[in-house]
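Descriptive analysis of the structure
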Amino acid sequence: SYLNPMDTPFASDRRVMTLMRELGYKYRIDERRILLTAFGEAAHYAFYLSVHYPRQFSAVALEGGGVQGRFKPLLRRSEHAAKEVPFLILYGDKDQTITKEEFVAVHEAFSQQGYRLELEEYENLGHQPHPEIHQRMMEWFAALPMPQEPKEPENLLFRVQTVIYDFFRGTIKG
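Here's a quick rundown of the structure.

Procedures and definitions
Residues numbered from 1 in each chain as written. Predicted model: local features only at pLDDT ≥ 70, side-chain atom pairs only at ≥ 80, totals over all residues. Heavy atoms only, no water. Helix = DSSP H or I, 4+ residues; strand = E, 2+ residues; numbered from the N terminus. Polar contact = N/O pair within 3.5 Å; in protein donor to acceptor, adjacent residues only side chain to side chain. Axes fitted to C-alpha atoms, helices over the stretch in contact; angles between N-to-C directions. Parallel < 35°, antiparallel > 145°, perpendicular 65-115°, else oblique. Contact = heavy atoms within 4.5 Å. Nonpolar A, V, L, I, M, F, W, Y, C, P; charged D, E, K, R; others polar. Salt bridge = Lys/Arg side-chain N within 4 Å of Asp/Glu carboxyl O. Buried < 20%, exposed > 50% of the residue type's maximum accessible area, 1.4 Å probe, protein only. Expected span 1.5 Å × (residues − 1). Arc of directions from axis to C-beta.

1. Considering the environment of Asp30
Along the chain, Asp30 falls in the loop between helix H1 (10–27) and strand S1 (34–39). Within the structure, Asp30 has its side chain in polar contact with the side chain of Arg32 (distance 2.9 Å).

Structure below.
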């Protein structure tokens, strides 16, 4: 689901939420185990999306983006539940697309408001996807406490999947 710049952000919200419902139904995805990743401009949208729809995501890991960008003005109103979603935000110290001082300051302001944000800086890394960062995201997701399995009747076949909506690649992993 790639974003069209003219869809900022509400039409894209509807498309993403519809896609999540359809895939959740089709693949019997446990809605309490949905993880969100994104890179760059998509990370700005993912941050916005998770703050405005916090009950849809268990955790969020972002690379090379976050609070800055065109969605920043829309982040003032959010549900209290957004403060329950853990965020991991990773960025390179050589990234020319973001101003580190503003980036860190804005994220610290959200942390002070009660959001669960972790920032990690990578040395000598610019604005590009990096395997080390992707590995760190997967380790971070794996270390998070996940909700207990729902109790289902013994005669019902039930499969719980963890799904990562990866907006950067436009793919779904599970």
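From this point, the discussion proceeds with the structure in view.
2. Description of the packing of H1 against helix H2 (residues 41–52)
Two quantities define a packed helix pair, namely the angle between the helix axes and the distance between the axes. Between H1 and H2, the least distance of the axes is 12 Å, while the angle of their chain directions is 75°. In terms of orientation, H1 and H2 fall into the roughly perpendicular class. Of the residues in H2, those touching H1 at Phe10, Ser12, Asp13, Val16 and Met17 are Tyr45, Tyr48 and Leu49. Residues belonging to the contact of H1 with H2 are distributed by class as follows: six nonpolar, one polar and one charged.

3. Looking at the pattern of salt bridges
Between side chains of opposite charge, pairing is possible as soon as their charged atoms come close. On inspection of all chains with the given rule, the structure shows three salt bridges. The residue Asp30 makes a salt bridge to Arg32 at a minimum N-O spacing of 2.9 Å. Classification of Arg32 by relative accessible area gives partly exposed; the value is 36%. A salt bridge links Asp30 to Arg33; the shortest N-O distance between them is 3.7 Å. Of the two residues, Asp30 and Arg33, both sit in the buried class.

4. Some points on H1
Helix length check: H1, at 18 residues, gives a terminal C-alpha distance of 26 Å against a target of 26 Å (1.5 Å per residue), a fit within 8%. Every buried residue of H1 is accounted for by Ser12, Asp13, Val16, Met17, Met20, Leu23 and Gly24. Buried positions in H1, seen along its axis, are confined to an arc of 135° and lie on one side of it. In H1, the exposed residues that point more than 90 degrees away from the buried face are Arg14, Arg21, Tyr25 and Lys26. Trailing H1 by a residue or two, Arg28 shows a phi angle of about 50°, which is positive.

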